[in-house]
Amino acid sequence: MARKISITKEMLIESAFDMTREEGLAQVTARRLATKTNCSTQPIFRVYSSMDQLYDEVYEKAIDFFAEFYQEYRGNSEVPFTNLGMAYIEFAGKEPQLFQMLFMGEKRCNASLFGMLNGKTSALHKEIAKAKAQGAKDPSGIFMKMWIFIHGAACMMTTGDYDLSMEETKGLLEEAFGSFTK
């Protein structure tokens with residue numbers, strides 16, 4: 001009679017994702033994951049041929065997590081790119097390890113930042129269309145200018161160097177959009 005498998009792929013990915021949220025992907029090793037799931041490393045390598053394969057799944061789960069965060073974000077600005085920027089900055093503050101992995105790490109599973117923002121959320125396409133509808137002449141160019149500010153603020157949020165309120169952030173993003181459309 002075959003032995004019952006008690007450690008599932010779902011258990012491993014959930015544990016690895018939780019570890020990544022808490023400590024960063026670099027801290028997810030086979031031994032540490034085995035300890036967290038109360039097993040040996042054997043079930044991990046029964047499911048995954050390498051840790052890179054597991055990391056790819058953690059990364060995909062993190063993309064889904066960000067997409068869900070963005071979809072649930074309740075921004076209240078009619079100014080293009082403002083709600084996207086605020087969600088991105090807030091995500092950086094609430095999930096610094098995931099933010100660093102997704103948006104600052106070298107390994108992005110061959111996904112560009114543009115691809116991630118447009119992938120499961122279509123966020124960027126929606127914001128560009130909104131800017132166009134409001135008369136912006138070069139919405140993609142405006143986005144690039146805004147993105148430098150947005151990404152910089154989010155990076156500062158992960159290090160604790162960002163001390164503006166979300167209301168102040170909203171005002172700055174709206175002001176920046178206005179400046180770039182002149």
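To start, this report covers the structure provided alongside it. (Residues numbered from 1 in each chain as written. Predicted model: local features only at pLDDT ≥ 70, side-chain atom pairs only at ≥ 80, totals over all residues. Heavy atoms only, no water.)

### Observations regarding a negative patch on the surface
At step 1: On the surface, Asp-161, Asp-163, Glu-167 and Glu-168 cluster together to form a negatively charged patch.
At step 2: With respect to the helices and strands, the residue Asp-163 is situated in the loop between helix H9 (139-159) and helix H10 (166-180).
At step 3: The exposure class of Asp-163 is exposed, given its relative accessible area of 70%. (Patch = residues over 30% accessible without salt bridge, like charges linked within 9 Å, V, L, I, M, F, W, Y side chains within 5 Å. Areas by Shrake-Rupley, 256 points an atom, 1.4 Å probe, with all protein chains shown as cover. Salt bridge = Lys/Arg side-chain N within 4 Å of Asp/Glu carboxyl O. Lys, Arg positive; Asp, Glu negative; His and termini not counted. Charge placed at Lys NZ, Arg CZ, Asp CG, Glu CD. Helix = DSSP H or I, 4+ residues; strand = E, 2+ residues; numbered from the N terminus. Buried < 20%, exposed > 50% of the residue type's maximum accessible area, 1.4 Å probe, protein only.)

### Description of a nonpolar patch on the surface
At step 1: A contiguous nonpolar patch, built from Phe-149, Leu-164 and Leu-172 and spanning about 200 Å² of accessible area, is present on the exposed surface.
At step 2: Tracing the sequence through the fold places Leu-172 in helix H10.
At step 3: Classification of Leu-172 by relative accessible area gives partly exposed; the value is 33%.

### Some thoughts on the side chain of Glu-127
At step 1: Here Glu-127 is to be found in helix H8 (residues 123-133).
At step 2: The side chain of Glu-127 sits in the buried core without any salt bridge; Lys-130 is the nearest counter-charge, 4.2 Å away.
At step 3: Of the polar contacts made by the side chain of Glu-127, one reaches the backbone nitrogen of Phe-81; its length is 2.5 Å.
At step 4: Those residues in contact with Glu-127 that sit more than four places away from it in its chain are Tyr-70, Pro-80, Phe-81, Thr-82 and Leu-84. (Polar contact = N/O pair within 3.5 Å; in protein donor to acceptor, adjacent residues only side chain to side chain. Contact = heavy atoms within 4.5 Å.)

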